[in-house]
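The lines below spell out each chain.
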Amino acid sequence: MKGDQGKRNNKKCMAYVAAFIVFQTSIILVFSLIVMRIRNPKVGFGALTVENFTTSNNTTTSPFFDMKLMAQVTVKNTNFGQFRYENSTIKILYGDMQVGEVAVLKGRVRARQTRKFNVTVDISSSMLSTNSNLRNDIASGVLPLSS
């Protein structure tokens, strides 16, 4: 009889160990899917400074603008691991046409940190083909740019 009770206790112990392993696995799975999920970093502009801004809206010539844009770019990593990025390019657009471009060198952002760096972009409408909205935008004093 004692041998049967020992086997029964052994089986009971193994059942508890198996239940514990299943419970721990489910906790780890939930934690990894909800808390540790990989998110894209957030890239944005901080402080912006415009220098050497010149425009012309003369009716005898085509309208144009030229400027130098100095900006602080931030890359915010919300993940629990570091994020590495390769050489890339920031493009400045007027409408859907490119008016400026600057290269960004490869780097990394540590876990749950924000990396800030400064860029300088020369922006010019000389890259634009004839755009009927450019004259109106310059006249209104608002030049919609995006990146």
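What counts and what doesn't
Residues numbered from 1 in each chain as written. Predicted model: local features only at pLDDT ≥ 70, side-chain atom pairs only at ≥ 80, totals over all residues. Heavy atoms only, no water. Buried < 20%, exposed > 50% of the residue type's maximum accessible area, 1.4 Å probe, protein only. Helix = DSSP H or I, 4+ residues; strand = E, 2+ residues; numbered from the N terminus. Arc of directions from axis to C-beta. Contact = heavy atoms within 4.5 Å. Pairing = 2+ DSSP bridges. Axes fitted to C-alpha atoms, helices over the stretch in contact; angles between N-to-C directions.

Novice: Would you take a moment to explain helix H2 (residues 132–140) for this structure?
Specialist: Because an α-helix completes one turn every 3.6 residues, residues spaced three or four positions apart along the sequence face the same direction. Residues of H2 that are buried: Leu134, Asp137 and Ile138. Buried positions in H2, seen along its axis, are confined to an arc of 95° and lie on one side of it. Facing away from the buried side of H2 by more than 90 degrees, the exposed set consists of Ser132, Asn136, Ala139 and Ser140. On the buried face of H2, the contacting elements are strand S1 (42–56), strand S2 (64–76) and strand S4 (88–94).

Novice: Whenever I open this one, the sheet that holds strand S8 (residues 145–146) confuses me. Can you help?
Specialist: Either a parallel or an antiparallel arrangement is found when strands of a sheet pair, and the pairing is made through backbone hydrogen bonds. Taking strand neighbours across the sheet as the criterion, the three strands line up as S5-S4-S8 in an open arrangement whose pairing is antiparallel. Strand pairing shows two members of the sheet lacking a second neighbour, strand S5 (97–104) and S8, which therefore form its edges. With seven bridges connecting them, S4 and S5 associate as antiparallel partners. Counterpart to Ser88 in the pairing with S5 is Val104.

Novice: Help me out: how do you make sense of the sheet that holds S1 in this one?
Specialist: On the basis of which strands lie adjacent, the open sheet formed by three strands has the order S1-S2-S7 and antiparallel pairing. For this open sheet the edge positions go to S1 and strand S7 (114–124), each flanked by a neighbour on one side alone. Taken over all neighbouring pairs, the strand axes of this sheet differ in orientation by 15° on average, direction set aside. With eleven bridges joining them, S2 and S7 adopt antiparallel strand pairing. Opposite Leu69, over in S7, you have Val121 as the bridge partner.

Read these as layout, nothing more, since geometry by itself doesn't imply function.
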